[in-house]
Structure formats: structure tokens, C-alpha cells
Amino acid sequence: MKINYKSLTIILTALFIYIGVGCFYIYQSEKTLSIQKYLEVSKDMKSDLEILIDEKEEAILLVSLALSQNCKIKKGLRENNISSTVFNNFFQIFQKESSLKNLWFQVLDNRGVSIYRSWTKNYGDSMINSRIDVKMMIESPKVISSISTGKFDMTFKSMVPIFYKKKFIGIMETISSFDSITQKMRDNKFDTLIVVDKSYKRQLTKASANKFIYDYYISNLDESKTLVNLFEHKYKQKLLNIPNYIIDDENNLFLSTYHLKDMNTNEMGYFILSKKLSDIDFYSRDKTIQKVILALLFIAFLIIGFAYYIYISKYKRYIEEQNQKLEDEIKVKTQELYYSAYYDGLTNLPNRVLFMDRLQEFLKFAKRKEVNVFVVCLDLDRFKEINDTYGHNIGDKLLKVVANKLQNNLRGGDTISRPGGAEFTIFVEDIDYNDMIVIAKKIVKMMQDIHNIDTIELYATFSIGISSYPADGDTAEELLKNADTAMNEVKKSGKNSYRFYNKKMSQLAQERVVLENDIKRAFKNREFEVYFQPKMNAKIEKIIGLEALIRWRHPEKGMIFPNDFIPFAEEIGLIGQIGIFMRYETMKITKDWIDRGLDFGIVSFNASTIELEDDLFVDSIRDMIIDMDYDASRLELEILESQSMKSREKMITVLEDIKKLGLSISIDDFGTGYSSLSYLKQLPVDKLKIDRSFVQDIPHDKDSIALVRSVITLAKNFNLEIIAEGVETKNQVDFMLRGGCENIQGYYYSKPKPVHEIEKLLIDNVS
Ligand code: C2E
Ligand code: CA
Ligand code: CA
């Protein structure tokens, strides 16, 4: 699947947004949770402090109450002499058993005169005028418990009236500092700075610490240097009025203030508290954040999972679609492959493979059921010519038309195939010999019609060979081969017909293979040779010319005559080579004679139509003439009347070219073909050779006589030379002479002879 960048971008963007929002959310929740926590800490701190203060106040009161009942004190009060040992004992007890460390005691009499002071030896002075609370107590003796600031410091103070026998005899006063509270706060990891409001500055005449900052008295100077510093420099008086808390990141501190009011609710003291941020227990916040992160991650995973699921199912669907497509393609391709493997693309008929397949299958059946089968091999005659003349397009169309015709004229069950070229094969099942003949004739007749292809009128015939199972073989290959042999026989013997295979044919076919190899070898071994047959002027009995004729001296079979291999050489394309050999040898030999002054007149050589059709034919003759510096007027070309070329125009041009070179041209075997006079007139020929077959029948056959006579007249009318070939008897010579044909070629004078024998004749001829 192609990566869909668009959706990928969307997914990634969404993911980034989600992560961004998630982070922001986490950040926000951490912030709010932290704030909540800080508020909680500050609240707890304040309530703790409140409780501690209350507790301490109560404790001091309790101490005063307890001491007010003490007999020793009462006694001392009555006797106006209190021993310090009494209080020393208390001290020790408090030091040991309680958190109350800094305690100061004073006992006053019912007039407000100090009887005992634990912090100094001085006593005996009256407090009634200097202390309003003392005055209040004396006027109405009842418990007074408060936090107040005196001349030393801000302290807890409780005053309890001492009664003896229901009579008010004195006051028990206990004073304590905030030490234990700061101590307890320290246990909770709080540093505390106790500051007394500046309105008390004047009162604090004997301040114990004597440290004022901005006129504020610092009660516990030594306890927190950091807080003192912050108060003095960084936050200054702001520290006194922290609404809830301050987070000092620089010092990693949490800061908060607790206000202490006096009885008239005026500011009296401040507890500035600090706690290291790291000491704040964020466990629950962190837990919550963790949960949030987990939840976000879970959602992210859910989303990713969902996206993945969608992607996978989409991908799966895509893969399935692709597979389906591939499958379809493969199906189509296999069908196409199957089709091209078994069918011919042009005619849509089965090809050779399928044909053989079906035939083989059917033969199996035929063997079991003893049914006979005919295999028919059809080849379009002259198809190559049609292709060459009109082009392959027309050739292909003709094949299609013919294929259709075959299909229409045969039974549905008969398998027709086109194995290639202009060949068709058919097998016909379960009919007898006569029925097969009917079919063959039907096909021949069917082809008699002229085929109209693209307004071109074409005449095409079939050469048909037939073999039959079981008579001619029992394998498909054998049957087809034999039908093919039969078809080739039809080709050789005039085409446009049918023939059944017989055993002799296959022998012939084998011989042909041997022959082909033989011819090829013959070239190598120089087994070919030129013979010459003289042409005579019967009137003066002189040689006026020679005809070069090929001979094959076969090492095993002896002399082989041209009729036994020339047609075959034409068929297999070796005739051109033979022609070149013959022309070269002929010209070489005769050139030598010319040079030696031996007069042979004109030498002629034979050329088949196939050679004439070769574009290089004229060139090859021209080259030889030039190479050998040969007098072309001594050369003659013999062409066969029966074989005149398909394209008359071409025939005329070739012959004209030959003539231009200086050669003369004669028409061989004249009388056997059916050349029209008008055609003959167009050809640039010089001579006619009356065919041997007519000469042979002279003087017995009237028709031959008549024909020879008319040929002679014709030649004269057209101003052509004439020669009779195959003249064997004196009678025939005389007949020709009488008829006006002086030139004679034939056994009567000489058979074709090898070079040295002809040489002798020529030497005699001169003398
Ligand atoms: P062709 O051109 O008609 O040659 C004359 C044939 O008649 C020769 O047969 C010759 O031996 C034979 N002949 C001549 N006088 C007599 C006679 O009085 N009585 C009888 N019975 N036969 C006579 P050959 O040499 O066997 O040639 C046969 C054919 O082979 C030739 O017929 C010619 O068509 C072809 N041929 C021969 N040499 C060549 C060649 O070099 N090239 C080509 N293309 N064809 C050739
Ligand atoms: Ca000839
Ligand atoms: Ca001839």
C-alpha cells in the first residue's frame, strides 16, 4: 500500500496536539494540585500553631493553677518569704517531664508587691501601678491567661489568684516563651521567626534579644538566620502579611505567616514560617499526577490502538483487494497464456500443440474403440507470392477468410488447427475412405471461388495431404508427418489437389533429406561438373553454339542428371549457388577457348525462375563479365517458357537488364507453356527452342508436326531465331531443314560431353 502521507500527517499532528494538550493539562493540574497542597500546608500550619498556642496557654495556666494551690508557696506568701528551692524543684520536674522548658515564675502578694521572681533576685517592688493586669487582679481576683508583650519579650502569661482560707492572699504568675512551640514546629520541619509588632517597640525596654528590624522586634533571633535574612532583605515587611503563602524558588522555600492579636485584636506578633519545598509531602499530588499521566497514556494508547486497528483493517482490506486484483490478473494472464499456448492468435484456431494434444487423446480412444481417423494437412499454394505481392496484411486476411471457410465447411466435431504459416491441419473422426474423399473434394471446390480481400481478388488453392489411422501410423506425429509428405507430393505435382499418403512417399521424403545433405557436400567436394552439348547448323554441319548442362559425379551413385536434383535444389534454395557455379565455370572454360582461338559460337546456360527472381542475379552476371573481361555477346541465357515469372513486369525488367549487358535470350522448351503471343512480344527474347517432346514425335505425330511448323512460322513472324532440341534422327534433321529450321541440338549430332571431349570437337570444327 502506498503510504498515505496526508493521513499520516493528520495522525501525527493529532498525536502532537494530544501530547501538547496532555502536557499542558498535567502541568496545570500539577500547578493547581501544588497550590491546593500549599494552601493545605499553610492552613494546617496555622491550625497547628493555633493548637500549639492554645495548648501552651492552657499548660501555663495549669502550671499557675497548680502552683497557686501549693502549700509551700502559700506558706511563703503568708510569711512573706518564698524560698527559691520550691521553684527549683518545679523547674527540674518541668525540665524532665514536659516540653515546657523556659518558664519564669513570679509570686505577688495581694497588694501587688513582688515576693518572688525566678529570673532575678530582686523583689519587693510593687507592680500595681506599672501593670494594669496586676491592678485588675487585685481589684477582682480571677484567672488571667494571655499572650502579651512586656519589656523583655512577647510571652505567654497566666495569673492565678492564691487564696488562703478563702482569702485572697496573692498572685501566682507563670511566664513562658514561644520556644517549645517553635521547637514543635521544627519537628514538623517548619522554621519559625517570631516577630513582635512595631507598636510594642517602646514597651520592649529590656528586650532580651535586642534585635529590631524595621522597628519590629525579632523574638527568636538565633533560630532561623535564613528567615531573618529574607525578612531583612528580600521580602522585607511583606513577610508579615503573606495572604496565604509564598513560594521562594530561589531558596527552595515555602513561606507563610500567622498573626497573633492582642486582647484588643490589634496586631501583636507574627509567626513567619518557612518549610523547605522538598520537605512538603507531595505524595498525594504526585500520585494524582501519576494517575493523570497514566490516564492520558491509557487514552493515548487507546487512540493509537484504535488508529492502528483502523489502519490494520484498512491495510488488510487493501491487501485483500490487491490479492484479489492479482488473482484476477493471474487468472486473465493464465487464460491468455493458455490461449497463446494453445491457440493461433490470427485465426483463433487451435495451434499445433493443442491439435496434437487432441489428436493424441482421440487416438487413445480410437485404439480402444477401433475407430479410424484421418489426418489432413492443407497448405495454401503460392502463399509466399501473395504475401510478397500484396503484403502480409492481405496475406493474414486471406488466412482468416480461409480459416473461416474451413470451419464452415467441416463438421463441428472436426478439429481444425493452424500450426503456422499457410498451413492448416484437420483430423476427422470415424468416417470411411470415400467420405474422406468427399471432404477433400469439397475443400478443393471451396477454394475454387475467388476471395475478395480489401477489394483485391485473390485466387488461392490448397495442396492437401491425407493420412489415416490405423493404416499410415498410430501416433499423432507419424500421422501428421505422413499427411505432410502427401501434401508435399501434391505441391510437387501441380498443387491445388489432394492426395492420400502411401508408403512410397515416405521413402521419397527420406531420400530427399539424404539428397539435400548430398548436394551441400557436393559443393565442398567439387562433384559438380559442366558438360556441353553442341548446337549445330545442319545445313553447313558446323557447331554454332554450346549449351552448358550440369552434371553431378556422385562418389557412390555415379553420374546424377540434373532432372534428379535441380527441381529439389530449387525447392530448398540451393539453385542460386548451382547457377553461380555453372556460370562461373562455363565462362572460365569458354574464355580459355576464346583466348586459344577455338570457335564455339555462342554458349548458353540455363537459369530457373527462382534465380531470375533473385535481385542479385543480374549483378552477379555483370560482375563476372567485368572480372573476366568476357565478350558478353558470346553468352546466351535460356529461360523456361513454363516457368515464366509471376510478375510479368519484373520478368521484363530483368530480361531487359540482361540484354543490356549484351547477352542474348532464348526461350527453352517452347511449346510446353501457354505463353500468350502478346506476352511473348513484350519479352526481349532472341530465340525460341522447340521443345524436345514435339521433336521426338516427328515424323509420326501429326499434331507435333503441325505445332513445330507453326512455331517456326511464329518465330519468323516475330523475327526470332529458332532451334530444335532433342533431335535424334536423320529424319528429324531433314524435317527441320525442310521446315526452315537449320539449327539443331540433339543426340543425332552429340550428347552433352565433358570439356576435353568438346575441346576436340571444337578443334575439328575449325578445320
Ligand atoms: P534442357 O534445358 O531442356 O536441356 C536439354 C536436355 O535435353 C538435356 O538434358 C540434354 O541432355 C537433353 N537432350 C539433348 N538432346 C537430346 C536428345 O536428342 N534426346 C534426348 N532424349 N535428350 C536430349 P539434361 O542435361 O539431363 O538436362 C535436363 C534439364 O536440366 C535441362 O533441360 C535443364 O532444364 C536442366 N538443367 C541442366 N543444367 C542446368 C543448369 O546448369 N541450370 C539449370 N537451371 N537447369 C539446368
Ligand atoms: Ca536448356
Ligand atoms: Ca529444353
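Residues numbered from 1 in each chain as written. Chains lettered and ligands numbered in written order. Predicted model: local features only at pLDDT ≥ 70, side-chain atom pairs only at ≥ 80, totals over all residues. Heavy atoms only, no water.

**Considering the coordination of the calcium ion (ligand 2)**
Consideration 1: Listed as protein donors to the calcium ion (ligand 2) are Glu547 (OE), Asn606 (OD1), Glu638 (OE) and Asp668 (OD); their distances from the metal cover 2.1 to 2.3 Å.
Consideration 2: Read N to C, the donor residues that coordinate the calcium ion (ligand 2) are spaced as E-x58-N-x31-E-x29-D.
Consideration 3: In this structure Glu547 comes out as buried when scored by relative accessible area, which is 4%. (Donors = N, O, S within 2.8 Å, 3.2 Å for Na, K, Ca; no water. Buried < 20%, exposed > 50% of the residue type's maximum accessible area, 1.4 Å probe, protein only.)

**Some words on the side chain of Ser224**
Consideration 1: By secondary structure assignment, the location of Ser224 is in the loop between β8 (216-218) and α6 (225-234).
Consideration 2: Discounting chain neighbours no more than four positions away, the residues touching Ser224 are Asp191, Thr192 and Leu193. (Helix = DSSP H or I, 4+ residues; strand = E, 2+ residues; numbered from the N terminus. Contact = heavy atoms within 4.5 Å.)

**Looking at helix α12 (residues 476-492)**
Along an α-helix, residues three or four positions apart point the same way, because every turn accommodates 3.6 residues.
Consideration 1: With 17 residues, α12 extends 24 Å between its outermost C-alpha atoms, agreeing within 8% with the 24 Å of an ideal straight helix rising 1.5 Å per residue.
Consideration 2: Ala476, Leu479, Leu480, Asn482, Ala483, Thr485, Ala486, Met487, Glu489, Val490 and Lys491 are the residues of α12 that are buried.
Consideration 3: A positive backbone phi angle near 100 degrees is found at Gly494, which sits one or two residues after α12. (Expected span 1.5 Å × (residues − 1).)

**Re the coordination of the calcium ion (ligand 3)**
Consideration 1: At the metal site, the calcium ion (ligand 3) is ligated by Asp668 (OD), Asp669 (OD), Glu725 (OE) and Glu725 (OE), and these contacts range over 2.0 to 2.6 Å.
Consideration 2: For the calcium ion (ligand 3), the single-chain donor residues occur in sequence as D-D-x55-E.
Consideration 3: Between the two metal centres, the calcium ion (ligand 3) and the calcium ion (ligand 2), the spacing is 4.2 Å, with Asp668 acting as a shared donor. Placement of the pair is Asp669 in strand β24 (residues 664-670) and Glu725 in strand β26 (residues 721-725), with a sequence separation of 56 residues.

**Digging into the sheet that holds strand β10 (residues 253-261)**
Consideration 1: Taken together, six strands build an open sheet; the order of strands is β7-β8-β6-β11-β10-β9 and the sheet is antiparallel. Each edge of the sheet is formed by a strand with only one pairing partner; in this case those strands are β7 (212-213) and β9 (246-248).
Consideration 2: Inspection of the sheet shows β9 paired to β10 by three bridges, in the antiparallel sense. Across the sheet, Ile246 pairs through a bridge with Leu255, a residue of β10.
Consideration 3: Lying over the sheet, helix α1 (residues 5-68) contacts β6 (190-196), β9, β10 and β11 (267-276), oriented at roughly 40 degrees with respect to β10.
Consideration 4: Strand contacts of helix α5 (residues 179-187): β6 and β11, with the helix running at about 150 degrees to β6, the strand carrying the most contacts. (Pairing = 2+ DSSP bridges. Axes fitted to C-alpha atoms, helices over the stretch in contact; angles between N-to-C directions.)

**Some thoughts on the domain arrangement of the protein chain**
Consideration 1: By domain assignment, the protein chain separates into domain 1 (1-178 + 294-307), domain 2 (189-279), domain 3 (349-501) and domain 4 (525-766).
Consideration 2: Summarising the inter-unit geometry, the C-alpha centres of domain 1 and domain 2 are found 15 Å apart.
Consideration 3: Summing both partners gives a buried area of about 2,100 Å² for domain 1 against domain 2, and 71% of it is carried by carbon and sulfur.
Consideration 4: Counting the contacts that link domain 1 with domain 2 gives zero salt bridges.
Consideration 5: One can count five residue pairs in polar contact (both at pLDDT 80 or more) joining domain 1 with domain 2.
Consideration 6: Among the elements of the structure, α1 and β3 (144-149) are those that each provide at least two residues to the side of domain 1 that touches domain 2. (Domains from an automatic or database assignment. Buried area = accessible area lost by both parts, 1.4 Å probe. Salt bridge = Lys/Arg side-chain N within 4 Å of Asp/Glu carboxyl O. Polar contact = N/O pair within 3.5 Å; in protein donor to acceptor, adjacent residues only side chain to side chain.)

**Structural notes on the site of ligand 1**
Consideration 1: Neighbouring residues of ligand 1: 22 residues in total, closest Arg551, Asp668, Arg692, Glu728 and Tyr747.
Consideration 2: Note that an oxygen atom of ligand 1 is positioned 3.1 Å from one of the side-chain N or O atoms of Asn606.
Consideration 3: Contact distances for ligand 1 include 2.9 Å between an oxygen atom and a backbone N or O atom of Tyr747.
Consideration 4: Computed on the free molecule, ligand 1 has an accessible area of 790 Å², of which 89% lies beneath the protein chains in the complex.
Consideration 5: Secondary structure elements with two or more residues in the shell around ligand 1: β20 (542-554), β24 and α20 (692-696). (Near = heavy atom within 4 Å. Areas by Shrake-Rupley, 256 points an atom, 1.4 Å probe, with all protein chains shown as cover.)

**Re the packing of aromatic side chains**
The description of an aromatic ring pair uses the distance of the two centres, along with the angle that the planes make with each other.
Consideration 1: Going through the model one piece at a time under the given rule, you end up with 31 aromatic pairs.
Consideration 2: Ring centres of Tyr216 and Tyr270 lie 6.1 Å apart, and the angle between their planes is 70 degrees; this geometry places the pair in the edge-to-face category. Taken together, the positions of Tyr216 in strand β8 and Tyr270 in strand β11 put the pair 54 residues apart, joining distant regions of the chain.
Consideration 3: By relative accessible area, which is 4% here, Tyr270 ends up buried.
Consideration 4: In textbook terms, an aromatic cluster arises when at least three aromatic residues are bridged by ring pairs, as seen for Phe523, Phe528, Trp552, Phe565 and Phe581. (Phe/Tyr/Trp six-rings, centres within 6.5 Å; stacked < 30°, edge-to-face > 60°.)

**Looking at the packing of helix α8 (residues 352-369) against α12**
The description of two packed helices rests on the angle between their axes and on the distance between the axes.
Consideration 1: Between α8 and α12, whose axes approach to 9 Å, the crossing angle comes to 115 degrees. In this structure, α8 uses Arg352, Phe355, Met356, Leu359, Gln360 and Leu363 to contact α12, whose residues at the interface are Ala476, Glu477, Leu479 and Leu480.
Consideration 2: Broken down by class, the residue content of the contact of α8 with α12 amounts to seven nonpolar, one polar and two charged. (Nonpolar A, V, L, I, M, F, W, Y, C, P; charged D, E, K, R; others polar.)

**Topic: the packing of α1 against helix α7 (residues 283-342)**
Consideration 1: Between α1 and α7, the shortest axis-to-axis distance is 10 Å and the interhelical angle comes to 165 degrees. As the angle between them shows, α1 and α7 are arranged roughly antiparallel. Crossing hand, α1 versus α7: right-handed. Judged by residue contacts, Leu15, Tyr18, Gly22, Tyr25, Ile26, Ser29, Glu30, Leu33 and Ser34 of α1 engage Arg285, Thr288, Ile289, Val292, Ile293, Leu296, Ile299, Ala300, Ile303 and Ile304 from α7.
Consideration 2: For the contact of α1 with α7, the class distribution of residues is 13 nonpolar, four polar and two charged. (Parallel < 35°, antiparallel > 145°, perpendicular 65-115°, else oblique. Left-handed = near helix turned anticlockwise from the far one by under 90°.)

**A word on unusual backbone geometry**
Where the residue is not glycine, phi is negative for most of them; where a peptide bond is considered, it is trans in most cases.
Consideration 1: Note that the residue after Tyr469, namely Pro470, is joined by a cis bond; omega there is 5 degrees.
Consideration 2: Along the polypeptide, Pro470 turns up in the loop between β17 (462-469) and α12.
Consideration 3: For Arg382, which is not glycine, the phi dihedral falls at a positive 55 degrees.
Consideration 4: Owing to a relative accessible area of 46%, Arg382 belongs among the partly exposed residues under this scheme.
Consideration 5: Although it is not a glycine, Asp629 sits at a positive phi angle of roughly 55 degrees.
Consideration 6: Following the sequence through the fold, Asp629 ends up in the loop between α17 (617-628) and β23 (635-640).

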